[in-house]
Amino acid sequence: MAGQRVDVIVFDGVQSLDVTGPLEVLAGAAGHYDIRILSVDGQPARASSGLRILPDGALTDPPDLLIVPGGIGTRDSDPRLVAWLREHGPSAGRLMSVCTGAFLLAEAGLLDGRRATTHWNHCAALARRYPRITVEPEPIFVRDGHVSTSAGVTAGIDLALAIVEDDHGRDLALAIARHLVMFLRRPGGQRQFSAQLANQVAARDPLRDIQRYAAEHPAADLSVPALARRANLSPRQFSRAFAAEVGTPPGRYVDQVRLEAARRLLEEGHGGVEAVARTCGYGTPEAMRRAFVRDRRATQATSDET
């Protein structure tokens, strides 16, 4: 796999982190990827942040890996770029979009009949505009054959790390993640929103400590009485205060934390199902399975409502 050619497309209104995030990951795999930054006509591109990007040249023949970033420039896409993608995209070894770059692939017909994702705030629009795509709003990235799509901004880094792991092994991917000082190298099935992001951070220190404790100790006794004792509150006071400051009842928050931990361990292959169930506080695989089923039903119900 050494020396694969990687082309990263840039255009006016591109999100600069969608470009530089995956680029830094692949550049960290020293010598394994020949990376070029290209625009449709070889002219400089102005990112949405104002950053001026000087490309290496113009798009030519399809590469081994083509990376299509997102940004506000995808809202009114350059017809020349879409035409190039439509003609040459099918011949690329692999296609990867970051954030709303999925709209460019979709407009070129490259996602028809495939599963895909994009930034959470644009998933509904992607599904509405391109009904031939099965849009999955939750995962941070989706891989369908040789086509991979990722959620917003930093999810492109996770997808690039997954590509490095596929090509050159887990050790190199982890070394790059450590070099970039990433808190966690997330698997693709991880949700775009963690429990901490989906909910508010409590204003008071004791409740913030409870949030941190639950995330770090999913196998502990996380019942309302036990957590209330840690916060030095009565169970009733604790439940009311937690729901008011975090935005969700403590039991639901614990469910989210445990599900995230279990999903991550299962996807990364850390132990068998029984070990993961114990580590994440479920006790038995059957209890963990029921938790996943409940969560899936709740997610589907919310999706149907929207």
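Please refer to the structure placed before this passage.
Cut-offs and rules
Residues numbered from 1 in each chain as written. Predicted model: local features only at pLDDT ≥ 70, side-chain atom pairs only at ≥ 80, totals over all residues. Heavy atoms only, no water. Helix = DSSP H or I, 4+ residues; strand = E, 2+ residues; numbered from the N terminus. Contact = heavy atoms within 4.5 Å. Areas by Shrake-Rupley, 256 points an atom, 1.4 Å probe, with all protein chains shown as cover. Buried < 20%, exposed > 50% of the residue type's maximum accessible area, 1.4 Å probe, protein only. Expected span 1.5 Å × (residues − 1). Arc of directions from axis to C-beta. Axes fitted to C-alpha atoms, helices over the stretch in contact; angles between N-to-C directions. Parallel < 35°, antiparallel > 145°, perpendicular 65-115°, else oblique. Left-handed = near helix turned anticlockwise from the far one by under 90°. Nonpolar A, V, L, I, M, F, W, Y, C, P; charged D, E, K, R; others polar. Pairing = 2+ DSSP bridges. Phe/Tyr/Trp six-rings, centres within 6.5 Å; stacked < 30°, edge-to-face > 60°.

### Overview of the overall build of the protein chain
- What the protein chain contains, in helices and strands, is 13 helices and eleven strands.
- Restricting the contact set of the protein chain to residue pairs at least 6 apart, pairs at least 24 apart contribute 64%.
- Of the accessible surface of the protein chain, which amounts to about 14,700 Å², a share of 51% is contributed by carbon and sulfur atoms.

### Here's the deal with the environment of leucine 26
- Turning to its location among the elements, leucine 26 is positioned in helix 1 (residues 16-28).
- Classification of leucine 26 as buried rests on a relative accessible area of 2%.
- Taking the C-alpha atoms as reference points, leucine 26 and isoleucine 163, 137 residues apart in sequence, are found 8.8 Å from one another.
- Not counting the four nearest positions on each side in its chain, leucine 26 is found in contact with Val6, Tyr33, Ile35, Leu65, Ile67, Ala160 and Val164.

### Observations regarding helix 10 (residues 235-246)
- Spanning twelve residues, helix 10 covers 16 Å between terminal C-alpha atoms, matching the ideal 16 Å at 1.5 Å per step.
- All of the buried residues in helix 10 are Phe238, Ala241, Phe242, Glu245 and Val246. In a view along the axis of helix 10, the buried residues occupy a sector of 100°, so they form one face of it. Relative to its buried face, helix 10 has exposed residues pointing more than 90 degrees away, namely Arg236, Arg240 and Ala244.
- Residues of helix 10 that are buried in the fold lie against helix 8 (205-216), helix 9 (224-230) and helix 11 (250-268).
- Residue glycine 247 follows helix 10 closely and has a positive phi angle near 95°.

### So, the packing of helix 1 against helix 5 (residues 155-168)
- Remark: helix 1 packs on helix 5, axes separated minimally by 8 Å, with the N-to-C direction vectors making an angle of 25°. Put simply, helix 1 runs roughly parallel to helix 5. As for how helix 1 packs across helix 5, the hand of that crossing is right-handed. Residues Gly21, Pro22, Val25 and Leu26 of helix 1 lie in contact with helix 5, whose contacting residues are Gly156, Ile157, Ala160, Leu161 and Val164.
- Counted by class, the contact of helix 1 with helix 5 contains seven nonpolar, two polar and no charged residues.

### Regarding the sheet that holds strand 11 (residues 147-150)
- Across the sheet, seven strands lie side by side as 5-2-1-6-7-11-10; this open sheet has mixed pairing. Across the chains shown, the open sheet's two edge strands, defined by having one partner strand only, are strand 5 (57-58) and strand 10 (141-144).
- Two strands pair when backbone bridges link them, and strand 10 and strand 11 are joined in this way by four bridges, in the antiparallel orientation. Residue valine 142 lies in a different strand from strand 11, and its bridge partner there is threonine 149.
- Relative to strand 2 (residues 33-39), helix 1 is tilted by about 160°, and along the sheet it contacts strand 1 (4-9), strand 2, strand 6 (65-68) and strand 7 (94-97).

### Let's talk about the packing of aromatic side chains
- Under the counting rule described, the total for this entry stands at three aromatic pairs.
- Arranged with centres 6.4 Å apart and planes meeting at 70°, the rings of phenylalanine 103 and tyrosine 130 form a pair that is edge-to-face. In this pair, phenylalanine 103 is assigned in helix 3 (residues 101-107) and tyrosine 130 in the loop between helix 4 (123-129) and strand 9 (134-135), connecting sequence segments 27 residues apart. For the pair shown, phenylalanine 103 and tyrosine 130 are each scored as buried.
- When the ring of phenylalanine 238 is compared with that of phenylalanine 242, the centres are 5.6 Å apart and the planes differ by 45°; the resulting orientation is tilted. Taken together, the residues phenylalanine 238 and phenylalanine 242, both in helix 10 and four residues apart, mark about one turn of the helix. Judged on exposure class, the residue phenylalanine 238 and its partner phenylalanine 242 are both buried.

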